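Chain by chain, the residues run as shown.
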Amino acid sequence: MINFSVIAIIASLAYAIESIFGFGGTIIFLGISGLFYDFNSLLKLALFVAISSGFAVLLQSYKHLSWKHLISILIYTTPGAMLGTYLITYLNSGLLIKLFAIILIIYGCFNLFFPNRHIPNFIKKGLVILGGLIQGIYTIGGPFVLMGYKDRFSSKQELRSTMAGYFFLINLSRAIFLIILGESYGEIIYTYYPVAILVMISVWLGYLIHKRIPETLFKKLIILAITLIGVIILLTK
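Since we're looking at a predicted model, the values are computed, not measured. (Residues numbered from 1 in each chain as written. Predicted model: local features only at pLDDT ≥ 70, side-chain atom pairs only at ≥ 80, totals over all residues. Heavy atoms only, no water.)

**Thoughts on a nonpolar patch on the surface**
- A surface patch of nonpolar side chains, amounting to about 900 Å² of accessible area, comprises Phe-55, Leu-59, Ile-189, Tyr-193, Ile-197, Leu-198, Ile-201, Trp-204, Leu-205 and Leu-208.
- Where the nonpolar patch is concerned, the elements lending two or more residues are helix 3 (39-61) and helix 9 (186-210).
- For Ile-189, the position within the fold is in helix 9. (Patch = residues over 30% accessible without salt bridge, like charges linked within 9 Å, V, L, I, M, F, W, Y side chains within 5 Å. Areas by Shrake-Rupley, 256 points an atom, 1.4 Å probe, with all protein chains shown as cover. Salt bridge = Lys/Arg side-chain N within 4 Å of Asp/Glu carboxyl O. Helix = DSSP H or I, 4+ residues; strand = E, 2+ residues; numbered from the N terminus.)

**Looking at the environment of Arg-212**
- Looking at where Arg-212 falls in the secondary structure, it is placed in the loop between helix 9 and helix 10 (215-236).
- Judged by relative accessible area, Arg-212 falls into the exposed class, the value being 61%.
- Between the alpha carbons of Arg-212 and Ile-20 there is a distance of 9.6 Å; along the sequence they are 192 residues apart.
- At a separation of 2.7 Å, a polar atom in the side chain of Arg-212 contacts the main-chain carbonyl oxygen of Leu-208. (Buried < 20%, exposed > 50% of the residue type's maximum accessible area, 1.4 Å probe, protein only. Polar contact = N/O pair within 3.5 Å; in protein donor to acceptor, adjacent residues only side chain to side chain.)

**A closer look at the environment of Ile-134**
- Within the secondary structure, Ile-134 sits in helix 6 (residues 121-138).
- Judged by its relative accessible area of 0%, Ile-134 is buried.
- With 49 residues separating them along the chain, Ile-134 and Thr-85 place their C-alpha atoms 9.0 Å apart.

**A word on the pattern of salt bridges**
- Overall, the coordinates contain two salt bridges when judged by the stated rule.
- Ionic pairing is found between Asp-151 and Lys-124, a salt bridge with its closest N-O pair at 3.4 Å. Taken together, the positions of Asp-151 in the loop between helix 7 (142-149) and helix 8 (156-180) and Lys-124 in helix 6 put the pair 27 residues apart, joining distant regions of the chain.
- According to the relative accessible area criterion, Asp-151 is exposed, its value standing at 56%.
- You can call Lys-124 buried: its relative accessible area is 15%.
- One salt bridge in this structure joins Asp-151 and Lys-150, with 3.3 Å as the shortest N-O distance.
- A cluster of three or more residues bridged by salt bridges with shared partners is formed by Lys-124, Lys-150 and Asp-151.

Right, here's the structure in full:
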C-alpha cells in the first residue's frame, strides 16, 4: 500500500519544481517515490497527479499559452503517446528507462559544453516524436519534447504554459484511452484526490519563483535539470 503522507510530500515537492521549470515533475515524483514503492504501481497515480498539475498551471497562466505550438507538439507526439500507453505492459521497462536516462545525459552535456553548436532540425523533430512515445509509456516525455522544441518558444512563460497545456491534454487522453482498454481509475481518484489538491497548491506557489528567474538563467537551468534528471534515473532505476 502506498503511504498517503509520503506520496503527498513527494508529489508536492516534485510538481512545485515542475511549476518553476515547466517540466520534470513526474520524473522527480517517480524517481523519488520509486525508491520506496513499486515503479509500475506508481504509474497510474503519476498520471492522475500530472493531469492535476497541468490543469493548475493552465488556470494560473492560460493567457501565455501558444495554441500554435501546442497543436504542433500534439501532432508530433500523440500517435507515439497512444502507442506507448498501449504497450506499457509488453516492454522491458528497466532497460528502456536506462536508455532514456543516457540520452538525457548526453543531450544535457552536449548543450552545457557546446552551447552554440547547432542541432539539425530532423534530430529535433525526432526527439519530439520520441518524447511522445516516452510520455505514453512512463509519463515522463517532457524533457525529450523540450530537447527538440524549446528553442521555438518566445519566453519562459510561453514555454511553461504551453507545456502545461500539453501535459494536461496528452495525459487526459491517455487516461481516457486506458479506461477504454479496461483500466479503472475510480479507486485512485477517491483515495488520492487530496494529493491532487496539494499538488495544485504547490504549483501555484512554484510560480512565485518561476517569474523571478531571468530568461538567460532559466534556459541554462533547463539544461542542467535535464542532465540531473538523467543522472537520477540512471542511478535509481
